[in-house]
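Commentary on secondary and tertiary structure
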Amino acid sequence: MEIRNLKYLVASLLIGLGLGSCLEDTDFSGFITNYKPVKERFSQSISWNKAHAQKTIITSDSPYTLYLAADIHMGGTANFDAFLKNAMANNTAATFLLGDIVTGHKHDYDTLLQHLKHADPVPYFPIVGNHDLYFKGWQYFSKYFGSSTYTIIVENGEKKDLIVCLDSGGGTLGRDQLTWLKGILETRNSYRNCMVFTHNNFFRARHTTSTNPNIDELYVLLDWFNDYKVDVVVMGHDHQHSIEKFGSTTYITMDALQDSFKDASYLELSVQNTTIHYRFTKP
Amino acid sequence: MVCVCIAFFHLPQTHAQLKVGIWADAGSSQIDVNGFTSVSGETVYSYHNYSLSLGYSTLFTEWKETNSNGLKVDIAREFSINNFPFKVSVFYLNKPISTEIYEWDLGVFIHKNTGNWHYGMGGHYREIRIKSKYSEDSSDSKIVEGFNLLYLLRYNIPLKTETWKLHATITDFDRFLLLQETNPMMYVGGDYLGFNNLNIFSEFWYRSAGLNNIQVNYYGYFFRLGAIWKFEI
């Protein structure tokens, strides 16, 4: 009897340790509370934007190429380093990191910053995902990168393209960010192409336990993106790529770039005049 | 403000019942700068173990180009297998999103009452479509969600009076809104049963976003006030 109890104890300890190590990167307080709700993050992002110059990419290349990655979940940096190396080798105009870049821990943010230095001079543009916000991660994101809601203007010869980066790390854009987005979309006609990048994927191409924005928020976004003829919406979060075409908009959900992910890939967007090609590339 | 109450043809047999419900919602969510209001109605004709219901909803909010919020048809049958009674309903929902976009859903739901508990589970197929007259290429005009789980768990709080009923519920759907299974809503409600053929009910709903991403955000709330008339025919 005592030996059996001892076995249960040992088994419980092993299971507990196993779960503990798997879940040490998950901040369960997020089930009931939020350190910085989207309203506050958006407010901080806009304040930062106002204090800094408009983000601009200037390129004479035609086509020009953007490299996008999501769900790196650093820790591991092998795939991320390959992504940066390829971006530099292929003279990409900019790289974008669409959320869940790190675990939310400060040491992972520090690792990210160290590795981004290797990408110089290719500009990089990060957006928060839900994992980046764990363990009060917004304080590091905002300290290192300033803003998670912003626009980028790509000056390509005489033409200009608009890129809108949105903070969906909390599962909703929130009222203020939506109002801001509507204002930005109303300038759509001033640009040749319009692209929207965010973390949380919109559609449930497969069954997962992760959350998408509420369906009525998606109604609004689908309606606006259709009305304003947004060309491409790129998202992450789901870890498995999928493509949906809806009206004139192509919705792309990316694979994870996480080291342990079997089908890890990043996305190459190639923009030539009004045509945008995409390609998933293994690191 | 439109409420559609459709009377069904009347079969001459006994055990038939007609229920006419109307309710109004007022609340706020992240997509409404100045809040929203909604008025909905539903008529249910029951005959023996069968029932047929038809509902219509209107929504008033600044983002929506159309006030129509959905038309729903629901056919249900009560079963009892080995003294285990339950109800199965099949429904169709057509929901305008804008002048160009609409959603349609086809689903099934199984309900069960046990003591103070009411629970149920089902699923639905969802298509969000661009109307053909606004779509140049039909292959690019729809988003499909093959299966979305529907669930409801309600606890009826025991009371000493039969004039009042109170309950607390967690679910991922309302009559004219089918959320994704990972976005649960909670509401508490009460019914006043003091009138002969009339029930008055009220509910308070709370909605969140990002719960299953373990990064929960407040999303919205609304109050509901409604009445249901019952007629034996």
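In what follows, the accompanying structure is described. All residue numbers here refer to positions counted from 1 along the written sequence of the relevant chain. Labels follow written order: the first chain is A, the first ligand is 1, and so on. Under the rules for a predicted model, residues below a pLDDT of 70 receive no local features and side-chain atom pairs below 80 are neither given nor counted, while totals for whole chains, interfaces and linings still include all residues. Side-chain metrics rest on all non-hydrogen atoms present in the structure, leaving aside hydrogens and water.

1. Thoughts on the overall build of chain B
For helices the rule is a DSSP run of H or I covering at least 4 residues; for strands it is a run of E covering at least 2, with both sets numbered from the N terminus onward. Per the secondary structure count, chain B includes 0 helices and 14 strands. Counting from the amino terminus, helix and strand elements in chain B follow one another as β-β-β-β-β-β-β-β-β-β-β-β-β-β. For chain B, the C-alpha radius of gyration of 19 Å lies close to 17 Å, the compact-globule estimate for 233 residues. Each of the three principal axes of chain B carries a C-alpha extent, and together these read 55 × 40 × 40 Å. Exposure classes here rest on a 1.4 Å probe applied to the protein chains alone. A residue is buried below 20% of its type maximum, exposed above 50%, and partly exposed in between. With 233 residues in all, chain B has 50% of them scored as buried. Residues are treated as being in contact if the distance between any of their heavy atoms lies within 4.5 Å. A separation of at least 24 residues holds for 48% of the contacts in chain B among residues at least 6 apart in sequence. Values of the radius of gyration come from C-alpha atoms, whereas the globule rule sets the reference at 2.2 Å times the count of residues to the power 0.38.

2. Structural notes on the overall build of chain A
What chain A contains, in helices and strands, is 8 helices and 12 strands. Its C-alpha atoms give chain A a radius of gyration of 20 Å, within 12% of the compact-globule value 19 Å for 283 residues. Overall, chain A is about 80 × 40 × 35 Å in size when its C-alpha atoms are taken along their principal axes. Across the 283 residues in chain A, those meeting the buried criterion constitute 57%. Sequence-distant contacts in chain A: of pairs separated by 6 or more residues, those separated by 24 or more amount to 71%. Element-wise, carbon and sulfur atoms account for 54% of the exposed surface of chain A, whose accessible area totals about 12000 Å². Of the charged side chains in chain A, 25 are positive and 30 negative, and the gap between their average positions amounts to 1 Å. All accessible areas in this document rest on Shrake-Rupley with a 1.4 Å probe, and a residue is counted as covered only by the protein chains that are shown. Here Asp and Glu are counted as negative and Lys and Arg as positive; His is not counted, and neither are the chain ends. The atoms used to mark charge sites are NZ of Lys, CZ of Arg, CG of Asp and CD of Glu.

3. As for helix α7 (residues 174–185) of chain A
All names here are of chain A. Between the first and last C-alpha of α7 there are 16 Å, a value that for 12 residues agrees with the 16 Å anticipated at 1.5 Å per step. Looking only at α7, the buried set comprises Gly-174, Gln-177, Leu-178, Trp-180, Leu-181, Ile-184 and Leu-185. Axial view of α7: buried residues confined to an arc of 160 degrees, hence all on one face. Buried-residue contacts for α7 involve α2 (38–51), β5 (150–156), β6 (159–165), β7 (194–197) and α8 (215–227). Expected helix span is given by 1.5 Å per residue-to-residue step, counting one fewer step than there are residues. By definition, the arc is the one covered by directions from the helix axis to the C-beta atoms.

4. Concerning the interface of chain B and chain A
A common way to state how big an interface is: give the accessible area lost once the parts meet. Contact with chain B, which involves 43 residues of that partner, is made by 47 residues of chain A. Joining two parts hides part of their accessible area as seen by a 1.4 Å probe, and the buried area is that hidden amount summed over both. Interface area, chain B with chain A, both sides summed: about 3900 Å², of which 54% is carbon and sulfur. For chain B, the biggest contributors to the area lost against chain A are Asn-213, Ile-214 and Gln-215 of chain B; these three give 19% of the whole. Any carboxyl oxygen of Asp or Glu within 4 Å of a side-chain nitrogen of Lys or Arg constitutes a salt bridge here. On inspection of chain B and its partner chain A, the count reaches 3 salt bridges. For the salt bridge of Arg-207 of chain B with Asp-216 of chain A, the shortest nitrogen-to-oxygen distance reads 2.8 Å. We define a polar contact as two N or O atoms separated by no more than 3.5 Å, with the added condition that, inside protein, one atom must be a possible hydrogen donor and the other a possible acceptor, whereas residues neighbouring each other in sequence contribute only through side-chain atom pairs. Inspection of the region where chain B meets chain A yields 31 residue pairs in polar contact (both at pLDDT 80 or more). Each residue receives one of three labels: charged for Asp, Glu, Lys and Arg, nonpolar for Ala, Val, Leu, Ile, Met, Phe, Trp, Tyr, Cys and Pro, and polar for the others, Gly being one of them. Its residues assigned to classes, the side of chain B that touches chain A comprises 17 nonpolar, 14 polar and 12 charged.

5. Re the sheet that holds strand β2 (residues 64–69) of chain A
Residues and elements named next belong to chain A. Whether two strands pair depends on DSSP finding at least two bridges between them. Taken in spatial order, the 5 strands of this open sheet run β4-β3-β2-β11-β12, and their pairing is mixed. Pairing within the sheet leaves two strands with one partner each, and these edge strands are β4 (124–127) and β12 (275–281). Averaged over all adjacent pairs, the angle separating strand axes in this sheet is 20 degrees, with direction ignored. When strand β11 (residues 266–272) meets β12, the two strands line up antiparallel, connected through 7 bridges. Each residue of the ladder has a partner; that of Ser-270, found in β12, is His-277. Every axis corresponds to a line fitted to the C-alpha atoms, with the helix fit spanning only the stretch in contact, and the corresponding angles, defined between N-to-C directions, vary from 0 to 180 degrees.

6. Some thoughts on the nonpolar core
Membership of the largest hydrophobic core comes to 47 residues, with the highest contact counts inside it found for Leu-181, Phe-202, Phe-225 and Tyr-251 of chain A together with Ile-128 of chain B. Per-element accounting of this core gives the leading share, 8 residues, to α8 of chain A. Judged by nonpolar contacts, the second largest core, of 26 residues, contains Leu-98, Val-154, Ile-163 and Leu-269 of chain A. In this description, a nonpolar core means a group of buried Ala, Val, Leu, Ile, Met, Phe, Trp, Tyr and Cys residues linked to one another through side-chain atoms lying within 4.5 Å.

7. Overview of unusual backbone geometry
Peptide bonds are mostly trans, and most non-glycine residues show a negative phi. Residues and elements named next belong to chain A. A cis amide bond links Ser-62 to the next residue, Pro-63, at an omega of 0 degrees. Inspection of the secondary structure assignment puts Pro-63 in the loop between β1 (55–59) and β2. Going from Met-74 to Gly-75, the amide bond is cis rather than trans, its omega being -15 degrees. Turning to its location among the elements, Gly-75 is positioned in the loop between β2 and α3 (78–89). A positive phi is found at Asp-100, a non-glycine position, where the angle reads about 50 degrees. Of note, Asp-100 is situated in the loop between β3 (94–98) and α4 (106–116).

8. Remarks on a nonpolar patch on the surface
All names here are of chain B. Residues qualify for a patch when their relative accessible area is over 30% and they have no salt bridge, like charges being joined within 9 Å and the nonpolar side chains of Val, Leu, Ile, Met, Phe, Trp and Tyr within 5 Å. Together, Phe-84, Trp-117, Tyr-119, Leu-153, Ile-170, Met-186, Val-188, Phe-204, Tyr-206, Tyr-218 and Phe-223 line one region of the surface with nonpolar side chains, adding up to about 990 Å² of accessible area. Within the residue set of the nonpolar patch, elements represented by two or more residues are β7 (117–130), β12 (185–192), β13 (198–209) and β14 (217–232). Considering the arrangement of structural elements, one finds Trp-117 in strand β7. On the accessibility criterion, Trp-117 (39% relative accessible area) is partly exposed.

9. Looking at the sheet that holds β7 of chain A
All names here are of chain A. Spatial strand order, β1-β5-β6-β7-β8-β10-β9: 7 strands in an open sheet with mixed pairing. Only two strands of the sheet have a single neighbouring strand rather than two, namely β1 and β9 (242–246). The average angle at which neighbouring strand axes cross in this sheet is 20 degrees, direction not considered. Relative to strand β10 (residues 249–253), β9 runs antiparallel, the two sharing 5 bridges. Residue pairing in the sheet places Glu-244 in a bridge with Tyr-251 of β10.

Shape is all these values report; function is a separate question.
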